[in-house]
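Below are the chains, spelled out letter by letter.
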Amino acid sequence: MPIVQKFTRFDESIVWSLLHRFYMEAGPAAWSNKIVPQRSTSNAFCADTYASIVASFFKELMAEGNSKPPVVIELGGGSGRFAWQFLNRLFNYHFSDDDPCPEFTYLLTDGSEKNIEGWRKKDRFAPLVESGVLDFAQLLIEPDPVIRKADGEFKPADFADRPVIIVANYLFDSIAANMFRIKNHQIEQVFVQTESTERKFLDRPITSFQSISERFQSRPIKDDTPTGHPIIDAAIHSYAKRPGDFHVVVPQICMEFIEKFLDRDTPLLLLAGDLAYSDPSEFELESPLIFDTYFAHYTNLHIFGEMFRAYGGDMQSQRHKDANFSCSLLSLPGKKKWQELSLGRTRETALALLKDFNPYDAHEIIELIENTAEDMSIRQAMALIRFSKFDPDVAAACIPHLLFNIEQGEEEIDRAQLYETYMEAYRAYFPDGSENQFDCGVAQLLLRLEYHAQALQLMDHAIREFGESAPRLFALALAFFNLGDEDRAETAARKAAKLDPHFAPAQRMIADKFEEAPAAPSLGETTSYAHLTVSNRDPKVVSKAAHLLADRGVVLIEDLLNADVVAELRSALDERVSDWQSSELGKPNNVGDKRFTVPIRLQEPFDNPGVYANPVLLDTLQRVMGEKPVLHAFGSVTTYEGARMQHVHREHPLLFNTDAGNANVPCYATTILIPLIDLDEEAGGTQLWEGTHTTAKDEEWEGDPHIFYTKAGSALVFDYRTYHGGMPCRASHGRPLLYFTYTMPWFHDTLAFESHAAMGISDSERMKVPEQHRDLFRFAKPIAA
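Residues numbered from 1 in each chain as written. Predicted model: local features only at pLDDT ≥ 70, side-chain atom pairs only at ≥ 80, totals over all residues. Heavy atoms only, no water.

Colleague: Break down the overall build of the protein for me, with residues and values.
Modeller: Broken down by element type, the protein carries 25 helices and 31 strands. Residues classed as buried in the protein amount to 58% of the 785 residues present. Within the protein, contacts between residues at least 6 apart in sequence are counted, and of these 78% link residues at least 24 apart. A total accessible area of about 33400 Å² is found for the protein, and carbon and sulfur atoms account for 48% of it. Counting 77 positive and 115 negative side-chain charges, the protein places the averaged centre of each group 3 Å from the other. (Helix = DSSP H or I, 4+ residues; strand = E, 2+ residues; numbered from the N terminus. Buried < 20%, exposed > 50% of the residue type's maximum accessible area, 1.4 Å probe, protein only. Contact = heavy atoms within 4.5 Å. Areas by Shrake-Rupley, 256 points an atom, 1.4 Å probe, with all protein chains shown as cover. Lys, Arg positive; Asp, Glu negative; His and termini not counted. Charge placed at Lys NZ, Arg CZ, Asp CG, Glu CD.)

Shown next, in the form of structure tokens:
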């Protein structure tokens, strides 16, 4: 493996300069691209805990009555999200008009000028800056720090007459540190060699540390002063008295930085949450380094406590030690005229809050919601949002489940409470540059609750504050349309479509609501599709159908189902569609003007293996896909009289972002449409562009389509990537179709099924499936019997 740097003292390793270069080059993109994780500390739950401790501190200061305005200094502010969450919690939850917050300054700092410039552009910060509460500064973590503000340079001593609260969230774990090994009570200096799987790693922009790895050596030190700093050396010698063989990280630069604030008469707090050890019993020999998309190391908070105690302070940490998510309050009481201020109330608050605190809890709640909470009720979702202190990330994760429950219509909804809860979460939202459309999700929720005016107001505010995007403009268009203002709805929808031509909801809205319905082509204007047709009676039906599907992206298999089966399905379909709630799979999904997909359970007569596992169909698909597919979706496409032309579309966006990536990709998903009546011009058919499954770009189709008017029981089978669209329907009986989606096991369509699950099956229904076909349903949503 290529060596980036040979064995070097740990605190002199190249990884520290690489990390500095990474943040200087990436700036805010380090957070907006989710390279650096921030859910664990930049959430409302963590901010509320810190704000509670600071509020107690402020109230002690006010009771003492001899304080200059305190200053909160956040180190390494990054995206700025934590500062926003903290200030929101402090002002709105810990003080009131009857109990106002005292005057103070929140000094948001970072070493990167790019991050500071990004904060200045945040609209949500503007009122706080104008009021004098919020200020920005560049501040590097170094032994003799300088605070560079717009109005000049300052030293920590310049704040000595003001009470100070320092916030360091996941910062010390990324600052250069030294490391020693304690082996049989002997202190050894650690050296590290860095290697990379990438050749010429140093010649490229640093966008990730995943290719880096490390090796350690340790060598005995020659004297009793490992660092030359008396407090730090005393702590290291105390560690050496412990039995065993372990590494000790010594964040000397960070400690000397903090120490510059400790020579003071006024009290000081340090709130530190980090990848860190808070107790020497946690020290181990394993590497403390983390090389991932970002770089960090497990630091040592315990040694900060030793330094605070040397200055007359103290340290409080979590009861349950966790090196991954350690949080501590380090406090220094006042001197001279401040000596009566013992910080008893502040420490009492910290003891109660930090006892069982874990800043990662909100992140775990989000993981739970996203991965395992498909059957969450509205009450459960509301409870999670409240427990997380109205964290926008938690609220956003709950939106799909809330929409599903609202559409099902089975659970009683307190509309006002749901509205107030989500507006409270929205007020805590902070845009860090990542692709988070939380505001659009809230608007969608409000529209489903029929709070149309409130949704309009929300999106108007979001567009002014965060800028225009296709989803925001589309939500605005929906609000206008629901309020009866079709002109402004059309303007917003067309603006969304112009901003992002691939944003299908806006295109669909324009086609369905604001354009004249195109006349259905007559049979004389259609192109012949005889060359794409294979009879089920043909002894070579499978090989011919497979060839057409692979080569042309579509095949029509005539008479796949016999007339008796079709008649049985037809007689049962209307009842299943009208009684969609009994499926427990969700509400019909609008896929165009007067067109809906409705999921259907595997109950008689739809539990016929000749329908869902037709041997000709499965053999054809297995030949094309290379392995047996899974049944991803099963239901009805019901089109009603008066339905207009459906927009032309692919079933799903292409998999990759480049033309080269999408070229020559084999078939991975197919749609099958089986009409349950004979289709003609009045009932309408499906227009389809053969061969477009191989085009590597979106929005590319040309020439005349084939318009398939197929017989009942015939199967129109096409590749997911083939451009198509439903024709208008003028028949009073509508156009009833069965649809199937068969996919490779690794592909899951998360876009097509907004209102209902793709398909579901109960244990009793699964037991009726022949054993050789049960694997078709291995990804179906489980339904309680």
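Colleague: Please give an account of the environment of Ala 296 that cites residues and values.
Modeller: Along the polypeptide, Ala 296 turns up in strand β15 (residues 295-297). The spatial distance from the C-alpha of Ala 296 to the C-alpha of Ala 272 is 15 Å, given a sequence separation of 24 residues.

Colleague: So what's going on with the environment of Leu 139? Residues and values would help.
Modeller: On the secondary structure map, Leu 139 appears in the loop between β4 (134-138) and β5 (147-149). Note: C-alpha distance between Leu 139 and Tyr 723 (584 residues apart in sequence) is 55 Å. Excluding anything up to four places from it in sequence, Leu 139 contacts Ile 73, Leu 75, Thr 109, Asp 110, Gly 111, Pro 145, Val 146, Ile 147 and Phe 257.

Colleague: Which residues make up the packing of helix α12 (residues 378-387) against helix α14 (residues 415-427), and what are the values?
Modeller: The geometry of α12 relative to α14 is characterised by a closest axis approach of 11 Å and an angle of 30 degrees between their N-to-C directions. Note that α12 runs across α14; the crossing there is left-handed. Counted together, Met 382, Ile 385 and Arg 386 of α12 and Gln 417, Leu 418, Thr 421 and Tyr 422 of α14 form the full contact between these two elements. Residues of the contact of α12 with α14, tallied by class, amount to 4 nonpolar, 2 polar and 1 charged. (Axes fitted to C-alpha atoms, helices over the stretch in contact; angles between N-to-C directions. Left-handed = near helix turned anticlockwise from the far one by under 90°. Nonpolar A, V, L, I, M, F, W, Y, C, P; charged D, E, K, R; others polar.)

Colleague: Go over the pattern of salt bridges with me, naming the residues and quoting the values.
Modeller: What the rule picks out here adds up to 30 salt bridges. The residue Arg 9 makes a salt bridge to Asp 11 at a minimum N-O spacing of 2.7 Å. Overall, the relative accessible area of 27% leaves Arg 9 in the partly exposed class. On the basis of relative accessibility, which here comes to 24%, the residue Asp 11 falls in the partly exposed class. In this structure, Asp 265 and Lys 336 form a salt bridge, with 3.7 Å as the shortest nitrogen-oxygen distance. Linking Asp 265 in the loop between α8 (252-259) and β12 (268-274) with Lys 336 in the loop between β18 (326-332) and α10 (344-354), this pair joins segments that are 71 residues apart in sequence. Asp 265 sits in the partly exposed class, given a relative accessible area of 28%. Through salt bridges that share partners, Asp 48, Arg 89 and Lys 389 make up one connected network. (Salt bridge = Lys/Arg side-chain N within 4 Å of Asp/Glu carboxyl O.)

Colleague: Explain the packing of aromatic side chains to me, using residue names and the numbers behind them.
Modeller: The final tally for this structure, using the stated rule, is 40 aromatic pairs. Consider the rings of Phe 172 and Phe 304, whose centres lie 4.8 Å apart with planes at 15 degrees: the pair is stacked. Remark: Phe 304 occurs in helix α9 (residues 302-310) and Phe 172 occurs in the loop between β7 (164-169) and β8 (178-183); sequence separation between them is 132 residues. Residue classification places Phe 172 among the buried residues on the basis of a relative accessible area of 0%. The exposure class of Phe 304 is buried, given its relative accessible area of 0%. Chaining the aromatic ring pairs together yields one cluster made of Phe 10, Trp 16, Phe 22, Phe 209, Phe 216, Phe 291 and Phe 295. For Lys 59, the ring lying beneath its charged end belongs to Phe 95, and the centroid distance is 5.1 Å. Here the guanidinium or amino end of Arg 89 rests over the ring plane of Tyr 93, the centre of that ring lying 3.5 Å away. (Phe/Tyr/Trp six-rings, centres within 6.5 Å; stacked < 30°, edge-to-face > 60°. Lys NZ or Arg CZ within 6 Å of the ring centre and 35° of its normal.)

Colleague: Could you give me a rundown of the packing of α8 against α9, with the residues and numbers involved?
Modeller: Think of two packed helices as two axes; the pair is described by the angle between the axes and how far apart they sit. Remark: α8 packs on α9, axes separated minimally by 11 Å, with the N-to-C direction vectors making an angle of 30 degrees. Taken as axis vectors, α8 and α9 run roughly parallel relative to one another. As for the relative orientation of α8 and α9, their crossing is right-handed in sense. Each of Cys 254, Met 255, Ile 258 and Glu 259 in α8 lies in contact with α9, whose residues at this interface are Ile 303, Phe 304, Met 307 and Phe 308. Across the contact of α8 with α9, the residue classes break down as 7 nonpolar, no polar and 1 charged. (Parallel < 35°, antiparallel > 145°, perpendicular 65-115°, else oblique.)

Colleague: Could you give me a rundown of a negative patch on the surface, with the residues and numbers involved?
Modeller: A contiguous patch of negative charge on the surface is contributed by Glu 641, Asp 678, Asp 680 and Glu 682. As for its position among the elements, Asp 680 is in the loop between β24 (669-675) and β25 (686-688). (Patch = residues over 30% accessible without salt bridge, like charges linked within 9 Å, V, L, I, M, F, W, Y side chains within 5 Å.)

Colleague: Please provide a residue-by-residue account of the environment of Asn 358, values included.
Modeller: On the secondary structure map, Asn 358 appears in the loop between α10 and α11 (361-372). On the basis of relative accessibility, which here comes to 15%, the residue Asn 358 falls in the buried class. Expressed as a C-alpha distance, the spacing of Asn 358 and Cys 46, which sit 312 residues apart in the sequence, is 8.1 Å.

Colleague: Quick rundown of the sheet that holds β25? Include the residues and the values.
Modeller: One key point about sheets: their strands pair by backbone hydrogen bonds, in either a parallel or an antiparallel sense. An order of β26-β25-β28 is seen for the 3 strands of this open sheet, with the pairing classed as antiparallel. Edge strands, defined here as strands with exactly one partner in the open sheet, are β26 (706-708) and β28 (724-726). Across the sheet, the axes of successive neighbouring strands diverge by a mean angle of 20 degrees, strand direction being ignored. The pairing of β25 with β28 spans 3 bridges and is antiparallel. Paired with Thr 686 across the strands is Gly 726, a residue of β28. (Pairing = 2+ DSSP bridges.)

Colleague: Account for the sheet that holds strand β19 (residues 533-535), with residues named and values stated.
Modeller: Across the sheet, 8 strands lie side by side as β19-β20-β27-β24-β29-β23-β22-β21; this open sheet has mixed pairing. At either end of the open sheet lies a strand with only one pairing partner, and these are β19 and β21 (589-592). Across the sheet, the axes of successive neighbouring strands diverge by a mean angle of 25 degrees, strand direction being ignored. Examined bridge by bridge, strand β20 (residues 554-558) and strand β27 (residues 715-719) share 4 bridges and lie antiparallel to one another.

These results come straight from atomic positions and should not be treated as a statement about function.
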